[in-house]
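Chain residues, written in single-letter form:
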Amino acid sequence: MATTKPGERKLQILQTLASMLEQPKGEKITTAALAARVEVSEAALYRHFASKAQMFEGLIEFIESTVFGLINKITEQQENGLSQVQAIVLMLLNFAERNPGMTRVMIGDALVNEDERLQARMNQFIERIEMALKQSLRVAATQGQANEAEVAARANLIASAVLGHWQRYAKTGFKQNPSAHAQAQIAMLLA
């Protein structure tokens, strides 16, 4: 019998959950179906996670650490505020495109029948993205490339556009890529 290293099974469970979320029909994922896919008992799932909500929290932690790690890297490497905004938006769209299951979590679609604190956490995730966009737009304003009075409204508009791209991607069964026409649209949002 093959043994798994500590933490390996937990990662396998999260990866399987993410892949199950990639199914375009978006059916409710049960612990029984997840256990069957991982080829373990439901009891084995609960040895690694106290609840299904905790499994989703694991996915959310991955999303948050990846996205905000990349945002920090962008803002450290790019001095130009508008270039920061453009890079952040492209990263967010490409992240969704590469991680369809995670996209369903980011838009809250996969969390509909789950613990409401999970949706609240994803709402905070979107707010933090909007704050990062505001910071970059403020940098652009100090560089004379943006109007300080429009920073909050523009950041909200850009965050809403990103969320709209994610929604459309999920609702089209992952056929309408979120990064399609992104460059031109970002230019319009920043004009």
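Parameters and conventions
Residues numbered from 1 in each chain as written. Predicted model: local features only at pLDDT ≥ 70, side-chain atom pairs only at ≥ 80, totals over all residues. Heavy atoms only, no water. Helix = DSSP H or I, 4+ residues; strand = E, 2+ residues; numbered from the N terminus. Buried < 20%, exposed > 50% of the residue type's maximum accessible area, 1.4 Å probe, protein only. Contact = heavy atoms within 4.5 Å. Axes fitted to C-alpha atoms, helices over the stretch in contact; angles between N-to-C directions. Left-handed = near helix turned anticlockwise from the far one by under 90°. Nonpolar A, V, L, I, M, F, W, Y, C, P; charged D, E, K, R; others polar.

(A) Local environment of the environment of Ser179. Looking at the element boundaries, Ser179 is found in the loop between α8 (151-171) and α9 (182-190). Of the residues examined, Ser179 reaches a relative accessible area of 24% and is grouped as partly exposed. Distance from Ser179 to Ala96, taken between C-alpha atoms, is 8.9 Å for residues 83 residues apart in sequence. When neighbours within four sequence positions are excluded, Ser179 is seen to be in contact with Leu93, Asn94 and Glu97.

(B) Region of the structure containing the packing of helix α1 (residues 8-21) against helix α2 (residues 31-38). Where α1 contacts α2, the axes come no closer than 10 Å and their chain directions differ by 115°. The interaxial crossing formed by α1 with α2 has right-handed handedness. Contacts from Arg9, Gln12, Ile13, Thr16, Leu17, Ser19 and Met20 of α1 reach α2 at Ala33, Leu34, Arg37 and Val38. Across the contact of α1 with α2, the residue classes tally to six nonpolar, three polar and two charged.

That's the geometry; what it means functionally is another story.
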